[in-house]
Each structure stands twice: as structure tokens, then as C-alpha cells.
Amino acid sequence: MGLNAALKAQAGEYPRVELIENNAAFFDGYLEDVQLRFYLEADGERNMYSNYLDLEGWYQNKDDTSKHWISGMLYDAGFVLYEGKAISDSFDQMRYHYNDRMYSGEYPGYALADALDSLELAADELKLQFIDGKYSALRGEDSLQFRMVFDEQKLFFRREFLLLNESRSLDLYELDLSARGYSVLAKSSNQILLHYQYVSNNWNPMGRCGAGYEIGLYLIEFEKHSAVYKSNKHYVLESCWSGAYWELERKGNGIELQSMEEGEANEFIDLSDFDANPDSIYSNIINRYF
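Each value, and the rule that gives it
- Residues numbered from 1 in each chain as written.
- Predicted model: local features only at pLDDT ≥ 70, side-chain atom pairs only at ≥ 80, totals over all residues.
- Heavy atoms only, no water.
- Helix = DSSP H or I, 4+ residues; strand = E, 2+ residues; numbered from the N terminus.
- Expected span 1.5 Å × (residues − 1).
- Buried < 20%, exposed > 50% of the residue type's maximum accessible area, 1.4 Å probe, protein only.
- Arc of directions from axis to C-beta.
- Contact = heavy atoms within 4.5 Å.
- Pairing = 2+ DSSP bridges.
- Axes fitted to C-alpha atoms, helices over the stretch in contact; angles between N-to-C directions.
- Salt bridge = Lys/Arg side-chain N within 4 Å of Asp/Glu carboxyl O.

Asker: Residue-level account of helix α2 (residues 85–103), with values.
Answerer: A rise of 1.5 Å per residue sets the reference length of α2, with its 19 residues, at 27 Å; its end C-alpha atoms lie 27 Å apart and thus fit the reference within 8%. By the burial criterion, the buried members of α2 are Ile87, Ser88, Phe91, Met94, Arg95, Tyr98, Asn99 and Met102. The arc that holds the buried residues of α2, viewed along the axis, is 130 degrees, so those residues lie on one side. Those residues of α2 that are exposed and aimed more than 90 degrees away from the buried face are Lys85, Gln93 and Tyr96. The inward-facing, buried residues of α2 abut β4 (52–61), β5 (68–75), β6 (78–83) and α3 (112–115).

As C-alpha cells, then:
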């Protein structure tokens, strides 16, 4: 309800697409028998050079307002977090040198997560770990019981909402659309034409489809005179991953999509009912496409 209210409160033309992202979340946990509240933020991007994200945040005894600052990293097997300036500085230095060698093309020959085991804790420093589904903690050399209700997906909320008016929005993720980076091209009394475009492979720019794009259109249809969502139609213009490529041609009251794949039937999008001139819509697609 709070998110929906925030979306409604934003000023601007309708319909339009708004991106809502969040990389932070609260988690509940226990250290020994003390109940704690954790706040963690994830930062960075997983790619061919670093398969982990930085974590920053704090934890707090639920009966105390003071915060204990922690930092570490999130990786495939789980996470590691440190409390204490000296150990945090050592972690930052190790991470810096590791990244520097990776980006210079000198693969270190070891995983950063494994190297962290060599860091020694002072008596007042804390290490919290969640690896392969198991929690553990160290205070200096002393083992502690540690548990947390951890869900990695809470750190990666990314949704695109189609705002229809001041009081109504649609979560495009819930419509099972298979793309991202949407924008509104045109609207009619019961249809909205969406465009999308994004890089095919952010993970490895030098790998397959690293220089490619996923580009297309979605035609969202509503029940007439009710604004109730009815269906959507997907038109792929270009896809590096699938090898699809379509030529566009202005015809009659709409656009004809001609597949470069032999034997595939052409598609036609009727633009006669949209609020914008068909020539203008076509030009807008071409300008974005190329």
C-alpha cells in the first residue's frame, strides 16, 4: 500500500512507466540468545571480473538504540560480514588488491571468499558468516551461535510499474512480460504500446551478445470502457540471444514487421486508434531502434 501511494503521488503525464529499485532490506537474527535487527545494503554489479557484491549496514539489539556498523560481501555461497575498524580495513585492502589484479587481467588464482579466511580477528572484532546454508560467528577466536532469517532476493527489488492515472498502476512484472527498460510509445482508449530496449549481456561485455541488444514492443490491451487488463502481445524487433531480427515498414494505418527468418509470417500493428499520428509513432520506434 505504501509503494502504491508513492507511485500515485508522483507527478507527470499518464500513462507512463516508473522504475522502482531497492537494494536494501531488514533482517531478523540472533547472536547467542540476543535478538538482533540487521539492516544491509548491497552495492556493485556481478560481472566477469567480480562475482560478488559489497555489503554495508548495521545491526542493533532490539532493546537498544545503538547501532553496530558492519561491512562485508555477498557472493554465490552466501555472505561474510565484519564488525571492527581494523578488520574492516583489512577486508577493504584485500578486496581492493584482488579487484585490481582481476581488472588488469591477472587472475589471482584463488577466490576472494576463500582468502578472507586468512584474516585474523582481534578479541573485540566480530565475523558473521552464512555459507552453503550454514550460519557461524566468531568474536576474536571464540565461536558464537548465530542465526538470521536471510533472503537474498530482498536486496534486489526491481519493478517497473505502468502508471495509468493518479489512482491506478500495473506491475509489469506481474503481467509476465519478458523484458525490462520499458517506455510508453502511444495510447488509445483501450490499448497502450510499450517499447523496451536493454543490453543483452551485462555480465560479460566481451562474451556472447556482449555488444547485442534486446529490443521490442508490447501491446497492452484493456477491456473496453472498463480499464480492466485483458492481454498483451509481444513483438520482438531484435534479440541477440534468440537471433531474431525484424525489419519495420510503414503500411496503411500501421506498421508491418517483416521477419528476416525465412518462412516466418509478417506481423502487423494497427495504429489507427492511437492518440498519436501513425507516422509519428513509426518515426519514434525507428529513432529508438537505430
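Let us keep going from here.
Asker: I'd like a rundown of the sheet that holds strand β12 (residues 168–171), residues and numbers included.
Answerer: Pairing within the open sheet is antiparallel, and its three strands lie in the order β1-β11-β12. Strand pairing shows two members of the sheet lacking a second neighbour, β1 (16–22) and β12, which therefore form its edges. Neighbour-to-neighbour, the strand axes of the sheet open up by a mean angle of 30 degrees, direction not taken into account. In this structure, strand β11 (residues 157–165) lies alongside β12, joined through four bridges in antiparallel fashion.

Asker: So what's going on with the pairing of β11? Residues and values would help.
Answerer: Relative to β11, β1 is paired through seven bridges, and the arrangement is antiparallel. Within the sheet, the bridge partner assigned to Leu19 lies in β11 and is Glu160. As consecutive antiparallel partners, β11 and β12 are separated by two residues.

Asker: Lay out the pattern of salt bridges with the relevant residues and their values.
Answerer: Considering all chains together, one arrives at 18 salt bridges under this definition. Note that Asp92 is salt-bridged to Arg95, the shortest N-O span being 2.4 Å. With Asp92 and Arg95 both in helix α2 and three residues apart, the pair spans about one turn of that helix. The class for Asp92 is partly exposed, based on a relative accessible area of 31%. Among the residues examined, Arg95 registers a relative accessible area of 11% and is labelled buried. Between Lys233 and Glu267 there is a salt bridge, with its nearest N and O atoms 3.4 Å apart.

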